[in-house]
Amino acid sequence: MPTAPNRRLVAVVLLVPAVVALALWAFAWPAARMAPRELPVGVVGSGPAADQLQERLEELDGAFEIHRYGSGAAARTAIEHRSVYGAVAVTAKGPELLTASAASPVVAQLLHDAVTAQAPDGAVVPVTDVVAAPAADPRGSVLGASILPLAIAGVAAGAAVTLLGLRGGRAVTALLGVAALVGIVSAALTDSWLGVMTGDWWSEAGAFGLTVLAIGATVAGLAALIGTAGVGLGSLLMVLVGNPFSGVTSAPELLPRPVGTIGQWLPPGASGSLLRSVAFFDGNAAGRALLALVLWAALGLAAVLIGGRRKAATTHSAAEAAEAAEPERHPALSG
């Protein structure tokens, strides 16, 4: 029968390749299968030319979800409210494209390519960027790169609370404190210093902080309920699944189904959507992402409190049992 050290050796040899395989699958598969899937876009106009354009776009194997608008102003409003990523206006001079690079530079380029392919040969399609990405980050690179550090910060906070033995109210206070400070520091770096976010400063800080709280509370909550293995489980969920499923570097609608949907209900994906909304779109379409983060944070903090009470009750019961057994160990003293 294998000895304990041999079993640990086999576990390490098998576990590390399994984790690597999971990471490669989670990161590489969505990237390799990136394509528009019911991407919300608008078509402006009511005549036969607009109808034909809609039909051509709908023929692209479910790539686009078409919304019709009677005027360019209505389409602009829909883009600003994040109802669509862009819109094509049919005019007497040909198609004109409205985009929002702040919503996704990748999608803005994709729409330009798709509309250009539908235009007559040699035609130049005018493009209006309704909600442009900031000049300091025209490709959205900083926002895309911000989610992984936030996930790592949340995991680190949850792990620290667990390994330092903080429980109950102390653990909750530590998680809230870390989240608040990380939110302030992150907003100071991305908005005040780098200028890559241009929305309300405190809303951005709140979005950063809520992300760290949701992830940290989940990790600490899992550890409080199932032990230190919860730190590993939470790390895998947030970093190796939530981060590549977030769609923050492209768009959720470009990921394979149901990866895009799942990712938006995990904290990294919800964080990316919330940050875009508060940084560039005056908070429009922030509701679902905010709800997801609040739910993760609330459930995680509840698990931390429940686990702390359970641990305290167990410790108290053990102390009572030891105290009750004390006279039996020293019968002479009891007489």
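Look a little higher up for the structure.
Note that this is a predicted model, so its numbers are computed, not measured.

**Looking at the environment of Val115**
Phase 1: Relative to the assigned elements, Val115 resides in helix H4 (residues 105–118).
Phase 2: Sequence-wise, Val115 and Asp61 are 54 residues apart; in three dimensions their C-alpha atoms are separated by 16 Å.
Phase 3: Beyond its immediate sequence surroundings of up to four residues, Val115 is in contact with Val88, Pro95, Leu97 and Val125.

**Points about the nonpolar core**
Phase 1: Counting residues in hydrophobic clusters, the biggest one holds 70 residues, and the most contacted among them are Phe64, Leu111, Leu175 and Leu275.
Phase 2: Ranked by the residues each element gives to this core, the list is headed by helix H7 (residues 201–226), at nine residues.
Phase 3: Each residue touching Leu175, except ones within four places of it in the same chain, is listed here: Ala157, Gly158, Val161, Leu213, Gly216, Ala217, Ala220, Leu301 and Val304.
Phase 4: Within the second largest apolar cluster, 11 residues are counted, among which are Ile215, Val219, Val231 and Val239.

**Notes on the pairing of strand E2 (residues 64–69)**
Phase 1: The pairing of strand E1 (residues 39–44) with E2 spans six bridges and is parallel. Residue pairing in the sheet places Val41 in a bridge with Ile66 of E2.

**What to know about helix H2 (residues 48–58)**
Phase 1: Those residues of H2 that sit buried are Ala50, Leu53, Gln54 and Leu57. Taken end-on, H2 shows its buried residues confined to a sector of 100 degrees, consistent with a single buried face.
Phase 2: Packed against the buried residues of H2 are E1, E2 and strand E3 (87–91).

**Here we look at unusual backbone geometry**
The phi torsion of most residues other than glycine is negative, and most of the peptide bonds are trans.
Phase 1: The residue after Arg257, namely Pro258, is reached through a cis peptide bond having omega -5 degrees.
Phase 2: In this structure, Pro258 sits in the loop between helix H8 (229–242) and helix H9 (259–264).
Phase 3: Positive phi outside glycine occurs at Glu38, with the angle close to 55 degrees.
Phase 4: With relative accessibility at 43%, the residue Glu38 sits in the partly exposed group.
Phase 5: A positive phi angle, near 60 degrees, is found at Ala285, a position not held by glycine.
Phase 6: With respect to the helices, strands and loops of the structure, Ala285 is situated in the loop between helix H10 (267–280) and helix H11 (287–329).

**Thoughts on H10**
Phase 1: Over its 14 residues, H10 extends 20 Å from the first C-alpha to the last, a length consistent with the 20 Å expected when each residue adds 1.5 Å.
Phase 2: At the exit of H10 stands Asp282, carrying a positive phi of roughly 55 degrees.

**Topic: the packing of aromatic side chains**
Phase 1: Scanning all chains against the criterion turns up three aromatic pairs.
Phase 2: Seen in terms of ring centroids, Trp25 and Phe245 are 5.7 Å apart; in terms of plane orientation they differ by 70 degrees. Their pairing is edge-to-face. Of the two residues, Trp25 sits in helix H1 (residues 4–32) while Phe245 sits in the loop between H8 and H9, which places them 220 residues apart along the sequence.
Phase 3: Ring centres of Trp201 and Trp202 lie 4.8 Å apart, and the angle between their planes is 75 degrees; this geometry places the pair in the edge-to-face category.
Phase 4: Among the residues examined, Trp201 registers a relative accessible area of 22% and is labelled partly exposed.
Phase 5: By relative accessible area, which is 60% here, Trp202 ends up exposed.
Phase 6: A cation over an aromatic ring shows up here: Arg82 above the ring of Phe281, its NZ or CZ 5.2 Å from the ring centre.

**Observations regarding the side chain of Gln264**
Phase 1: Its place among the elements puts Gln264 in helix H9.
Phase 2: Within the local environment of Gln264, its side chain forms a polar contact with the backbone oxygen of Ser246, the two atoms lying 3.0 Å apart.
Phase 3: Non-local contacts of Gln264, meaning those with residues more than four positions away in its chain, are made with Ser246, Pro252, Gly269, Ala270, Ser273, Arg288 and Ala292.

**Examining the sheet that holds E3**
Phase 1: Spatial ordering of the open sheet is given by E2-E1-E3-E4-E5, a layout of five strands whose pairing is mixed. Each having just a single partner strand, E2 and strand E5 (127–129) make up the two edges of the open sheet. Within the sheet, the average angular offset between the axes of one strand and its neighbour, ignoring direction, is 25 degrees.
Phase 2: As paired strands, strand E4 (residues 94–99) and E5 are joined by three bridges and run parallel to one another. Each bridged residue has a counterpart across the sheet, and for Leu97 the counterpart in E5 is Val127.
Phase 3: Contacting E1, E2, E3, E4 and E5, helix H3 (residues 72–80) runs over the sheet at an angle of about 30 degrees to E4.
Phase 4: Here H4 sits on the sheet and contacts E1, E2, E3, E4 and E5; the angle it forms with E4, its principal contact strand, is near 175 degrees.

**Some remarks on the pairing of E4**
Phase 1: Note that E3 and E4 share five bridges and pair antiparallel. Among the inter-strand pairings, Ala87 is bridged to a residue of E4, identified as Leu98.
Phase 2: A loop of two residues connects E3 with E4, the two strands running antiparallel in sequence.
Phase 3: In the classification by handedness, the crossover that spans E4, the intervening H4 and the parallel E5 is right-handed.

**As for the packing of helix H5 (residues 141–163) against H7**
Phase 1: Between H5 and H7, the shortest axis-to-axis distance is 7 Å and the interhelical angle comes to 40 degrees. Our classification of the angle between H5 and H7 gives oblique. The chirality of how H5 crosses H7 is right-handed. Across the interface between the two elements, Leu150, Ala151, Ala153, Gly154, Val155, Gly158, Ala159, Val161 and Thr162 of H5 pack against Phe208, Thr211, Val212, Ile215, Gly216, Val219, Ala220 and Ala223 of H7.
Phase 2: When grouped by side-chain class, the residues that make up the contact of H5 with H7 number 12 nonpolar, five polar and no charged.

Reading the values: rules and limits
Residues numbered from 1 in each chain as written. Predicted model: local features only at pLDDT ≥ 70, side-chain atom pairs only at ≥ 80, totals over all residues. Heavy atoms only, no water. Helix = DSSP H or I, 4+ residues; strand = E, 2+ residues; numbered from the N terminus. Contact = heavy atoms within 4.5 Å. Core = buried A, V, L, I, M, F, W, Y, C linked by side-chain atoms within 4.5 Å. Buried < 20%, exposed > 50% of the residue type's maximum accessible area, 1.4 Å probe, protein only. Pairing = 2+ DSSP bridges. Arc of directions from axis to C-beta. Expected span 1.5 Å × (residues − 1). Phe/Tyr/Trp six-rings, centres within 6.5 Å; stacked < 30°, edge-to-face > 60°. Lys NZ or Arg CZ within 6 Å of the ring centre and 35° of its normal. Polar contact = N/O pair within 3.5 Å; in protein donor to acceptor, adjacent residues only side chain to side chain. Axes fitted to C-alpha atoms, helices over the stretch in contact; angles between N-to-C directions. Right-handed = clockwise from strand over helix to strand, strands pointing away. Parallel < 35°, antiparallel > 145°, perpendicular 65-115°, else oblique. Left-handed = near helix turned anticlockwise from the far one by under 90°. Nonpolar A, V, L, I, M, F, W, Y, C, P; charged D, E, K, R; others polar.

These values are about where atoms sit, not about what they do.
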